[in-house]
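# Structural characterization, general
Take a look at the letters that make up each chain.
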Amino acid sequence: MAAKPGAATPTYSPKLVGRSRLPIFKDSDLDWTRPDGRGFHQCRPALLQTGAVSSASGSAYAEFGNTKVIVSVFGPRESKKAMTYSDVGRLNCNVSYTTFASSTLGQGTDHKEYSSMLHQALEGVIIMETFPKTTVDVFALVLESGGSDLSVLISCASLALADAGIMMYDLITAVSVSCIGKSLMIDPVTEEEGCEDGSFMMTCMPSRYEITQLTITGEWTTPNINEAMQLCLDACSKLGEIMRDCLKQSTSASDE
Amino acid sequence: MTTELVTPGDVIGKVSELKAGKGAYVNDTTIYASLTGTRRIVSPLPESLDQRAIVEVTGHKAHALIPEPGSVVIGRVTKVMARMASVDILCVGSKAVYEKFPGIIRQQDVRATEIDKVDMHLSYHAGDIVRAMVLSLGDARAYYLSTAKNELGVVSAESAAGETMVPISWTEMQCPLSGQTEQRKVAKVGS
């Protein structure tokens with residue numbers, strides 16, 4: 001695995017400096033303190049490693065606070081399920097939770113839709129024409145669910161695909177923002193997600209500055225959404241830098 | 001020739017100065033990398049019309065290796081039927097694939113001459129290692145392969161006695177233990 005021992009885990013907290021208008025929701029206006037003591041615009045430290053699963057073509061492990069996920073990518077390979085010929089490659093995503101992932105006993109909340117949401121986020125960024133007739137399988141496993149699961153899954157899956165050598169237009173990074181009362185918090189934990197009024201998740205290509213997926217649920221006002229978008233764009237580009245560093249480190253480590 | 005590490009999405013050149021090669025793609029007027037690897041600049045062929053240098057990105061692993069039309073592959077024959085032989089593709093070029101791909105060699109692609117008189121059972125046996133060329137992506141089930149060249153065909157085969165046979169001509173191989181000759185479409189290996 002490719003992390004230097006003793007190196008500090010980098011974080012991707014965005015900054016709102018330099019904006020012409022002051023943010024509508026200031027930190028002093030709080031009716032909520034974050035359980036882990038972070039500021040509203042502070043993200044958790046991000047630990048990313050590639051090459052976690054040696055039997056897969058590519059893999060990545062991500063630890064964002066208490067959310068721990070591992071993604072393995074197999075392929076491009078023949079798929080028995082594919083009965084028809086296809087000129088472009090196919091993508092198959094599967095997200096599963098371990099039984100010990102959440103603090104509630106048993107399965108916890110059902111996240112069946114995460115597989116198709118991960119598929120939507122990834123299909124815009126993989127160059128399917130480079131592997132005709134074959135399928136790329138992405139298997140994601142959530143080891144511990146500590147909040148913002150889908151965003152961490154998407155970023156980790158993009159790192160695993162880059163590790164497997166699948167051609168992509170760019171890396172993709174995902175960040176989510178929660179709205180509780182009058183405050184916006186970035187990178188929510190499970191407790192905050194449980195009592196949020198609205199959630200906003202954005203997946204974007206940091207180098208191309210294009211958004212591949214945007215999911216908004218709950219109650220939002222327009223100035224709210226604008227601010228959330230600015231926060232996410234800034235955090236996404238910072239997370240993109242962290243992911244690139246991780247890839248470059250593991251490439252040079254394996255060359256030695 | 002500068003070499004540096006790039007990741008997918010990194011800007012590696014402009015269309016006005018360079019052309020996009022393997023591992024790179026063009027969007028608008030910028031060339032971006034699509035793989036993680038080292039960026040290299042390759043000089044163009046002297047006879048090509050476009051004299052821009054080519055920028056390409058080479059990955060360090062056997063990345064996303066799939067059989068492509070025109071590539072030479074090595075495989076093992078699994079089944080021999082009246083008009084075709086099934087092959088499991090194990091290597092593409094000089095690199096082994098993670099998981100094997102199915103391929104078939106049809107009767108008309110076994111050799112270049114007298115293709116309607118080919119007997120599949122006198123060309124291949126199950127278990128033979130063959131070197132073949134990928135003709136096309138084929139159908140949903142298998143890639144189409146061809147051994148219709150001198151250097152393509154059986155490279156290694158076991159005799160009925162269980163010993164690795166020695167090639168004695170382009171149609172026969174002999175078992176060193178029993179002396180029996182068996183018929184195969186043999187590949188011409190070496191100079």
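Residues numbered from 1 in each chain as written. Chains lettered and ligands numbered in written order. Predicted model: local features only at pLDDT ≥ 70, side-chain atom pairs only at ≥ 80, totals over all residues. Heavy atoms only, no water.

Per an unreviewed UniProt entry, chain B carries the name S1 motif domain-containing protein and comes from Cardamine amara subsp. amara. Comment text from UniProt for chain B, heading Subcellular location (unreviewed entry), reads "Nucleus, Nucleolus". (UniProt positions renumbered as here; feature names shortened; annotations may be inferred.)

Taking an unreviewed UniProt entry as the reference, chain A is identified by name as Exosome complex component RRP41-like belonging to Cardamine amara subsp. amara. In its Sequence similarities (unreviewed entry) section, the UniProt entry covering chain A states "Belongs to the RNase PH family."

The feature "domain: S1 motif" (unreviewed entry), as given by UniProt, occupies residues 70-149 of chain B in the numbering adopted here. The distance separating the terminal C-alpha atoms of residues 70-149 of chain B is 13 Å; by composition the span is 0% helix and 52% strand. (Helix = DSSP H or I, 4+ residues; strand = E, 2+ residues; numbered from the N terminus.)

A few words now on the pairing of strand 2 (residues 58-64) of chain A. Residue and element names in this part refer to chain A. Judged by how many residues are buried, strand 2 sits mostly within the fold: six of seven residues are covered. In the sheet, strand 1 (residues 46-50) pairs with strand 2 via five bridges, with the strands oriented antiparallel. When the bridges of strand 2 are listed, A46 appears paired with F64. Note that strand 2 and strand 3 (residues 67-77) share seven bridges and pair antiparallel. Residue pairing for strand 3: E63 is matched across the bridge by K68. In sequence, strand 2 turns back onto strand 3 through a hairpin of two residues, with G65 there showing a positive phi of about 65 degrees. (Buried < 20%, exposed > 50% of the residue type's maximum accessible area, 1.4 Å probe, protein only. Pairing = 2+ DSSP bridges.)

So, about the sheet that holds strand 6 (residues 37-42) of chain B. Residues and elements named next belong to chain B. Strand order across the open sheet formed by four strands is 1-6-7-3, with mixed pairing between neighbours. In this open sheet, the two edge strands, each paired with only one partner strand, are strand 1 (4-6) and strand 3 (18-20). Across the sheet, the mean angle from the axis of one strand to that of its neighbour is 40 degrees, orientation sign disregarded. In the sheet, strand 1 pairs with strand 6 via three bridges, with the strands oriented antiparallel. Residue E4 lies in a different strand from strand 6, and its bridge partner there is R39. (Axes fitted to C-alpha atoms, helices over the stretch in contact; angles between N-to-C directions.)

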